[in-house]
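Overview (structure and organization)
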Amino acid sequence: MPLTNENVRDVLSTVQDPELHQDLVSLNMVKEIRVDQKQVFITIELTTPACPMKDHIQKDIEQAVNRKAEELGESLDSIQVNFTADVRKPNEKIRDEDNPLPNVKHIIAVGAGKGGVGKSTVAVNLAIGLARHGASVGLLDGDIYGPSLSTMLGLSNMEPTAEDKMLAPFNVHGIKTMTVGRLVKPEEPLIWRGPMAHNAFQQLALQTNWGSLDYLIVDLPPGTGDVPLTLAQLLPLSGAIVVCTPQKVAQDDAVRAVAMFIQLGIDVLGIVENMSYFIGDDGKEYDIFGKGGAAEMAQHLQLPCLGHIPINMALRKNCDDGNPTANFDDNDALAEELNHFAQQVAAQISIKASSGKTVQPTISIS
Ligand code: ADP
């Protein structure tokens, strides 16, 4: 008996998204089914273009459809699975009605317990990694005390422009970005008292014409200060990522950063370990600061460990030169780790969005 469109739909309702733990039909991911003689065409809409489970899903679909065809005594010539992606917003009903950035689907904060652990480096590479998968991405330099995105993204020769009191973000490396580093003179000290910090951050976040974005990454200042508080009050966040290095002392700070996000009512999407290991010219891996500390800490805190980014001279140089896309150009261990990290973040966001949970701004200052 020939295979029909209905047979294929039935089969797809038995194939699970491995991370969302629901079948593809219930998740409304099946956008096209066409059986043309012995050929089957299927279009699946993923919840993020950076889905790490694409190959897994494809294999499961092929196996399930072939099994059904065999049952019906049919042999297929080919099964073509096409993937598209549409980043889903969190459940609208519980989202704050007066969200000031309604065209931004997900806002993700990147924080760290202390400076120098590579928080900005991680934020930049996350934004570019997601964009290279096809997502529309913005990167806000929320580190208003020590903005480094101007250097890391090579913005120093670009002048900010404004229209109707809105700043136009810089379009660089496939992302949109804004930093206070391009609005003040480089030598000017950035001294903000609490309310000034609040206003500066608010202006950068809300008076930048971000347009429609799948993900807006916010690089926070290190530690636990005014800016995370403002952020939590101002915007509905999909979650935060905490960056740490493998040493024990760094982990103590990271635990504090996790506690701060929890206290602010912000979900922590996971921990990423930066400066994890070093690959020498001899090809050997050296664990300069130890290794695996972040994974252990994440496990202890029952949080996902989102990745391990190696100490890498090219990474440092590319960031200093304002050329971070080069980190992804060589198909090496660095590019692989950065891609893996971006995909893990995208997956965590999809999981959160499918559970309909977006953190609402609930903090009020008396
Ligand atoms: P933070 O934002 O935590 O203060 P940065 O991202 O500014 O830290 O990084 C501090 C310095 O360390 C920068 O010069 C950056 O290029 C470098 N760096 C960060 N991560 C790495 C890494 N994995 N390998 C090599 N250099 C790194």
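The structure displayed is predicted, hence computed values, not measured ones.

**Let's talk about the pairing of strand β5 (residues 78-85)**
- The pairing of strand β4 (residues 39-46) with β5 spans eight bridges and is classified as parallel. Paired with leucine 46 across the bridge in β5 is alanine 85.

**Quick look at the site of the ligand**
- Taken together, 17 residues are adjacent to the ligand, and Gly116, Lys119, Ser120, Thr121 and Pro310 come closest.
- In this structure, a nitrogen atom belonging to the ligand sits 2.9 Å away from a side-chain N or O atom of asparagine 274.
- At 3.0 Å from a nitrogen atom of the ligand is found a main-chain nitrogen or oxygen belonging to asparagine 312.
- Summarising the interface, the protein chains cover 80% of the accessible area of the ligand, which totals 560 Å² for the free molecule.
- With respect to the pocket detection grid, the ligand is positioned in the largest pocket.
- Elements with a minimum of two residues in the shell around the ligand: α3 (119-132), β14 (268-279), β16 (305-311) and α9 (313-320).
- Ranked by residues supplied to the shell around the ligand, first place goes to α9 with four residues.
- Among the residues making up the shell around the ligand, the classes are represented as seven nonpolar, seven polar and three charged.

**Section: the pairing of strand β3 (residues 30-36)**
- Sheet analysis places β3 next to β4, joined by six bridges and oriented antiparallel. When the bridges of β4 are listed, valine 30 appears paired with isoleucine 44.
- Taking the residues between adjacent antiparallel strands as the criterion, β3 and β4 are bridged by two residues, where glutamine 37 takes a positive phi near 55°.

**Looking at the layout of surface pockets**
- One number sums up the size of the largest pocket: a volume of about 330 Å³.
- Along the wall of the largest pocket there are 20 residues; nearest its centre are Gly118, Thr121, Asn274, Met275 and Arg316.
- Contributing elements (two or more residues each) for the lining of the largest pocket: α3, β14, β16 and α9.
- When residues in the lining of the largest pocket are grouped by element, the largest group, five residues, is from α9.
- Looking at the lining of the largest pocket residue by residue, the classes come out as eight nonpolar, eight polar and four charged.

**Some details on the confidence of the model for the protein**
- In this model, the protein carries a mean pLDDT of 89, and residues with pLDDT of at least 70 account for 94%.
- Across residues 358-366, where pLDDT falls below 50, the model places 29 contacts with residues more than four positions away in sequence or in other chains.

**A look at unusual backbone geometry**
- Phi at aspartate 164 is positive, roughly 50°, even though this residue is not glycine.
- The residue glutamine 302 is not glycine, and still its phi comes out positive at about 55°.
- Tracing the chain through its elements places glutamine 302 in the loop between α8 (293-300) and β16.
- For glutamine 302, a relative accessible area of 72% translates into the label exposed.

**Focus on α3**
- Over its 14 residues, α3 runs 20 Å from end to end, which matches the ideal 20 Å to within 8%, given 1.5 Å per residue.
- Burial analysis of α3 places 13 of its 14 residues in the buried class, the great majority of the element.
- Looking one or two places after α3, you find glycine 134, whose phi comes out positive at around 110°.

What counts and what doesn't
- Residues numbered from 1 in each chain as written.
- Predicted model: local features only at pLDDT ≥ 70, side-chain atom pairs only at ≥ 80, totals over all residues.
- Heavy atoms only, no water.
- Pairing = 2+ DSSP bridges.
- Helix = DSSP H or I, 4+ residues; strand = E, 2+ residues; numbered from the N terminus.
- Near = heavy atom within 4 Å.
- Polar contact = N/O pair within 3.5 Å; in protein donor to acceptor, adjacent residues only side chain to side chain.
- Areas by Shrake-Rupley, 256 points an atom, 1.4 Å probe, with all protein chains shown as cover.
- 1 Å grid on protein atoms, 1.4 Å probe; cavity = no way out; pocket = protein on both sides within 12 Å on 5 of 7 lines; lining within 4 Å.
- Sits in = over half its atoms within 2 Å of the grid points.
- Nonpolar A, V, L, I, M, F, W, Y, C, P; charged D, E, K, R; others polar.
- Points joined across faces, edges and corners; volume = space filled by probe spheres on them.
- pLDDT = per-residue confidence, 0-100.
- Contact = heavy atoms within 4.5 Å.
- Buried < 20%, exposed > 50% of the residue type's maximum accessible area, 1.4 Å probe, protein only.
- Expected span 1.5 Å × (residues − 1).

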